[in-house]
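Residue-level structure breakdown
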Amino acid sequence: MAIASPSTPTFSASFCCTRTVSTRSPTRSPSSISFTRRLQPHPPLTRRLAISSRLNSSKPSGAGGFISPDNGGGTEHIQYELYHKFSSPQRRRLGSPVFVTLPVDSVSIGGQVRRRKVMVQSFKALSAAGVEGVVVEVWWGLVERDEPGVYNWQGYLDLVALAKRCGLKVRAVMAFHQCATGPDDPHWIPLPLWVLQAIDKDPDLAYSDRFGRRNMEYISLGCDILPVLRGRSPIQAYTDFMRNFRDTFRPFLGVVITGIQVGMGPAGELRYPSCPTQKLTWAWRSRELGEFQCYDKYMLASLNACAREIGMREWGDGGPIGAGNLMQNPEHTEFFRSNDGSWTRPYGQFFLEWYSGMLLLHGDRICREAETVFRGTEVNTSAKLAGIHWHYGTESHPSELTAGYYNTSTRDGYLPIARMFGRYGFTMCCTCFEMQDELERQMNPVGSPEGFLRQLLLAARVCDIPLEGENFATSLDDDSFQQVLKMSKFYSNGLEKPSFSFNFMRMDKNMFEYQNWVRFTRFVRQMSDANIFRADLSSGGDINLSSMLDATKVGLAFAYS
């Protein structure tokens, strides 16, 4: 274990990480990447979409309040055609587009679109509501499941083709992480089987904490460039996956598929698995500190080399001592306490520079490869940060530090990440847009989701990079939607060319419940700030679809088996 020595001389802990963090830039200038690649106009394509719906008289359908075409009673079947201008720049000028993230199990293990008829009806409903498109997680564990280099894209090809027919755009998430907790979970999607076999042979491919607990959500970044996956490094495997995706979906790129979000860690986020993903939804309530994930042999080798380089070998044997346990008050720990905590001393600065620097290096490597793979395809590339806000009101921000974000009351840990994204023309995706300090502090007085988010938004503005927002939890109440609008305006206010969009997490049957659907469609219209759809009834008369979007009149089928 590394022990801080109060007698050691003061030094710049950034020395080691200056060596590690790559500053290599792509051949194009960053300023030209940030906006020209994304907003270059495409010729507007007119798509015709036939939608079949039932118009109810005046009241919500069904006893449970779900909107359905089969709720009986005085319904009249009407066929109409929807004309949709499929042009991203035009729609973005009208407002901020809204995307909806699909269920994680939209494609089955066998490579088939699940609940296809339901998906068709859902896509038609989203299109009619003015939603720009859908977010599709493309799971590494499904596509390259059995053997390295053998890809099965069929289910995702069908899904993208379906979105195209319904007039929706697609954001594809390169999901290089595990989904859910285990085989008993209905949403379980592990890493590819051949990757799991490699981890069985070498458990240090998985992250480990000081207690030896392994996390299987994502391959340890300590072995990023080592040929540990049947002769390939993890970075090479990710790159080959993205390259094969690009070649397979080339006809859709820049037209239907307008965005690629590149996964960089657990839950697709650029972070360490300091807190298991399945616990993040309630971690803020228990105020978990998290655990430093630096105990696999590859991470330890890097730490040891870095410590030796600065002549402090005793600092290279492991993570900080005195970091407490998961639920401990940080003020009762030697490392995280506000007054004279080890995080403020030379050892703490050294360790946190190295730990966060390794995460930055990992992000830099993936950004560089993704920028090269998708260069010239006219798609927007993005990456996601985690919304770890439950110790934001403390001096040391312990839960952020264990996740790899060296962000404290005296240091901005998000600006270096934003600068890295800017170098490669990446959009920054961040969450917590619906969360409010007033409500969160009733359970956790030292948390501040709004403070955390404002810092990220300011970093994006300073680095002149576009922004994607997300909600932390599926909230369909008016207060949550209004909070999203408020925070999106905080980012966009005063910018000459703001580029903001929102990914709603996530589509399920509750979204199409009567009152929820009313609130959601209102939110989409407020974000878009324009009526962009027109409908042509079979009778030949044009009508404005905004009147038809009233959920008391439009029946939309959606059900889960």
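Conventions used here
Residues numbered from 1 in each chain as written. Predicted model: local features only at pLDDT ≥ 70, side-chain atom pairs only at ≥ 80, totals over all residues. Heavy atoms only, no water. Helix = DSSP H or I, 4+ residues; strand = E, 2+ residues; numbered from the N terminus. Buried < 20%, exposed > 50% of the residue type's maximum accessible area, 1.4 Å probe, protein only. Contact = heavy atoms within 4.5 Å. Areas by Shrake-Rupley, 256 points an atom, 1.4 Å probe, with all protein chains shown as cover. Core = buried A, V, L, I, M, F, W, Y, C linked by side-chain atoms within 4.5 Å. UniProt positions renumbered as here; feature names shortened; annotations may be inferred. Pairing = 2+ DSSP bridges. Axes fitted to C-alpha atoms, helices over the stretch in contact; angles between N-to-C directions. Phe/Tyr/Trp six-rings, centres within 6.5 Å; stacked < 30°, edge-to-face > 60°. Lys NZ or Arg CZ within 6 Å of the ring centre and 35° of its normal. Parallel < 35°, antiparallel > 145°, perpendicular 65-115°, else oblique. Left-handed = near helix turned anticlockwise from the far one by under 90°. Nonpolar A, V, L, I, M, F, W, Y, C, P; charged D, E, K, R; others polar. pLDDT = per-residue confidence, 0-100. Salt bridge = Lys/Arg side-chain N within 4 Å of Asp/Glu carboxyl O. Disulfide = S-S within 2.5 Å. Polar contact = N/O pair within 3.5 Å; in protein donor to acceptor, adjacent residues only side chain to side chain. Expected span 1.5 Å × (residues − 1).

The next thing to look at is the overall build of the protein. Of the regular secondary structure elements, the protein holds 18 helices and 15 strands. Going through the 561 residues of the protein one by one, you find that 59% of them count as buried. Contacts in the protein between residues at least 24 apart in sequence constitute 79% of all its contacts with a sequence separation of at least 6. In the structure as shown, the protein presents an accessible area of about 21800 Å², 51% of it carried by carbon and sulfur atoms.

This part covers the nonpolar core. Within soluble globular proteins, side chains that are nonpolar generally end up buried alongside one another. Core analysis: the biggest nonpolar cluster contains 144 residues, and Leu126, Trp140, Phe245, Phe421 and Phe520 have the highest contact counts within it. Here this core takes 14 residues from helix H11 (residues 346-374), the largest share from any one element. In this structure leucine 126 touches Val100, Val131, Val134, Leu168, Met507, Met511, Phe512, Trp517 and Phe520, once residues within four positions along its chain are discounted.

Another aspect to go through is the UniProt feature "active site" (unreviewed entry) in the protein. When the UniProt feature table is mapped to this numbering, "active site" (unreviewed entry) covers Glu269 and Glu470. A stretch of 202 residues holds the annotated residues, and the largest C-alpha distance among them is 12.4 Å, short enough that they meet in one place. Within the element layout of this structure, glutamate 269 appears in the loop between strand E8 (257-262) and helix H9 (280-286). As for its position among the elements, glutamate 470 is in strand E11 (residues 467-470). Residue classification places glutamate 470 among the buried positions, given a relative accessible area of 4%. Residue contacts for glutamate 470: discarding those within four places in its chain leaves Gln261, Lys384, Cys429, Cys430, Thr431, Cys432, Phe433, Glu434, Phe502, Asn503 and Met505.

This paragraph deals with the sheet that holds strand E12 (residues 500-504). Strands sit in the order E3-E4-E5-E8-E9-E10-E11-E12 around a closed barrel of eight strands; the barrel is parallel. This sheet shows a mean twist of 30° between the axes of neighbouring strands, independent of strand direction. Here strand E9 (residues 380-384) runs beside strand E10 (residues 427-430); their pairing, made up of three bridges, is parallel. Its bridge partner lying in E10, serine 382 is registered against threonine 427.

Each aromatic ring pair is specified by the distance between its two centres and by the angle formed by the two planes. Evaluation of the coordinates by the stated rule reveals 39 aromatic pairs. Their ring planes at 20° and their centres at 4.9 Å tell us that phenylalanine 512 and tryptophan 517 sit as a pair that is stacked. Judged on exposure class, the residue phenylalanine 512 and its partner tryptophan 517 are both buried. Here the aromatic cluster, defined as three or more aromatic residues joined through ring pairs, consists of Trp140, Tyr151, Trp153, Phe176, Trp194, Tyr218, Tyr238, Phe241, Phe245, Phe249 and Phe252. Over the ring of phenylalanine 99 we find arginine 171, and its NZ or CZ is 3.9 Å from the ring centre. Sitting over the face of the ring of phenylalanine 490, arginine 454 holds its NZ or CZ atom 5.5 Å from the ring centroid.

Residue alternation in E11 divides its side chains into two sets, Leu467 and Gly469 and Glu468 and Glu470, and both sets are buried. With four bridges joining them, E11 and E12 adopt parallel strand pairing. When the sheet's bridge partners are listed, glutamate 468 is paired in E12 with serine 501.

Contact geometry for helix H10 (residues 297-309) and H11: axes closest at 11 Å, N-to-C directions at 130°. On the basis of their axis angle, the class for H10 and H11 is oblique. Handedness of the crossing formed by H10 with H11: right-handed. Touching Met299, Ser302, Leu303, Cys306 and Ala307 of H10 are Phe350, Phe351, Trp354 and Met358, all from H11. Of the residues belonging to the contact of H10 with H11, the class tally is eight nonpolar, one polar and no charged.

Take the confidence of the model for the protein next. With 76% of its residues at a pLDDT of 70 or more, the protein shows a mean pLDDT of 81. Across residues 530-561 the pLDDT falls below 50, and counting only partners more than four positions away or on other chains, this stretch makes 92 contacts in the model.

We now examine the pattern of salt bridges. Per the counting criterion, the structure on display carries 29 salt bridges. Aspartate 224 is the partner of arginine 365 in a salt bridge, and the nearest nitrogen-oxygen pair spans 3.5 Å. Taken as a pair, arginine 365 in helix H11 and aspartate 224 in the loop between strand E7 (214-219) and helix H8 (234-248) lie far apart in primary sequence, 141 residues in all. By relative accessible area, which is 1% here, aspartate 224 ends up buried. Across the pair lysine 384 and glutamate 470 runs a salt bridge whose closest N-O atoms are separated by 2.8 Å. In this pair, lysine 384 is assigned in strand E9 and glutamate 470 in strand E11, connecting sequence segments 86 residues apart. Of the two residues, lysine 384 and glutamate 470, both sit in the buried class. Bridged by salt links that share partners, the residues Glu144, Arg232, Asp240 and Arg243 form one connected network.

Right, let's get into the state of the cysteines. Using the criterion set out here, one finds zero disulfides in the structure. Cysteine cysteine 432 is unpaired, with the sulfur of cysteine 430 as its nearest cysteine sulfur at 8.5 Å.

Moving on, we get to the side chain of aspartate 204. Positionally, aspartate 204 belongs in the loop between helix H7 (193-201) and strand E6 (206-208). Residue aspartate 204 is classed as buried on the basis of its relative accessible area of 15%. In terms of polar contacts, aspartate 204 uses its side chain to reach the side chain of arginine 214, at 3.3 Å. Apart from residues lying up to four places away in sequence, aspartate 204 is in contact with Arg214, Ser220, Tyr295, Asp296, Lys297 and Tyr298.

For H11, spanning 29 residues, the distance from its first C-alpha to its last is 41 Å, which sits close to the expected 42 Å at 1.5 Å a residue. Counting buried residues along H11, 25 of its 29 residues qualify, which places the element largely inside the surrounding structure. After H11 finishes, the residue glycine 376 shows a positive phi value of roughly 85°.

Turning our eyes to something else, we now look at the environment of threonine 521. By the secondary structure assignment, threonine 521 is in helix H17 (residues 514-528). C-alpha of threonine 521 to C-alpha of alanine 129: the two residues are 392 residues apart in sequence and 5.7 Å apart in space.

To continue, consider the side chain of asparagine 380. If you trace the backbone, asparagine 380 turns up in strand E9. For asparagine 380, the side chain forms a polar contact with the side chain of threonine 427, separated by 2.9 Å.

Attention now moves to unusual backbone geometry. Cis geometry marks the peptide bond from methionine 505 to arginine 506, where omega comes out at -10°. Locating arginine 506 in the fold gives a position in the loop between E12 and H17. Even without glycine at this site, arginine 115 takes up a positive phi of about 50°. Tracing the chain through its elements places arginine 115 in the loop between strand E3 (98-101) and helix H4 (116-128). Look at arginine 115 and you get buried, because its relative accessible area is 16%. We note that histidine 397 has phi near 50°; this positive angle belongs to a residue other than glycine. Looking at where histidine 397 falls in the secondary structure, it is placed in the loop between E9 and helix H12 (398-403).

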